Amino acid sequence: MIDYNELFKQEAFKSINPDILEKFKILISNIKGKNTNEALLYIMDFYNSMPKNTNLSKEQSDALIKAIMLQLPKKERDNFLNMLELMNSIF
């Protein structure tokens, strides 16, 4: 079982705006056990809800991705990484 209180104490999360971090915590609870397609819909909603000038550092983004992956079923994690790679190549 993942201790999210400990997870969100990581250095990468300390400098994220508290409002965004709260929305991320909601995202994490919403995607638990979902397949990649379902999770991506929640993730897109999360990113669309962020203020326009908000940028996450590589460290913050990596920490968020790790937290998301921990919520996905094991068989969906590779699909999620493949989808992220595809999205990064497009954007």
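Asks: Got a minute to help me understand helix α6 (residues 74–90) in this structure?
Replies: Turn by turn, an α-helix covers 3.6 residues, leaving residues three or four places apart pointing in a common direction. With 17 residues, α6 should cover 24 Å at 1.5 Å per step; its first-to-last C-alpha distance of 25 Å lies within 8% of that length. Where α6 is concerned, the buried positions are Glu 76, Phe 80 and Leu 84. When α6 is viewed along its axis, its buried side chains cluster within an angular range of 85° and face the same direction. For α6, exposure combined with an orientation more than 90 degrees from the buried face picks out Lys 75, Asp 78, Asn 82, Glu 85 and Ser 89. Summarising the contacts, the buried residues of α6 are in contact with α4 (36–49) and α5 (58–71).

Asks: I'm lost on the confidence of the model for the chain in this one. Help?
Replies: Caution is warranted with low-pLDDT regions, since their predicted coordinates should not be read in detail. Summing up the model confidence of the chain, the mean pLDDT is 85 and the portion of residues at 70 or higher is 95%. Mean pLDDT per element in the chain: helix α1 (residues 4–7) is the minimum at 73, and α4 is the maximum at 89.

Asks: Honestly, the environment of Phe 8 in this entry has me stumped. Any pointers?
Replies: Tracing the backbone through its elements, the reader meets Phe 8 in the loop between α1 and α2 (11–14). Residue classification places Phe 8 among the buried residues on the basis of a relative accessible area of 11%. When neighbours within four sequence positions are excluded, Phe 8 is seen to be in contact with Phe 13, Leu 21, Phe 24, Lys 25 and Ile 28.

What counts and what doesn't
Residues numbered from 1 in each chain as written. Predicted model: local features only at pLDDT ≥ 70, side-chain atom pairs only at ≥ 80, totals over all residues. Heavy atoms only, no water. Helix = DSSP H or I, 4+ residues; strand = E, 2+ residues; numbered from the N terminus. Expected span 1.5 Å × (residues − 1). Buried < 20%, exposed > 50% of the residue type's maximum accessible area, 1.4 Å probe, protein only. Arc of directions from axis to C-beta. Contact = heavy atoms within 4.5 Å. pLDDT = per-residue confidence, 0-100.

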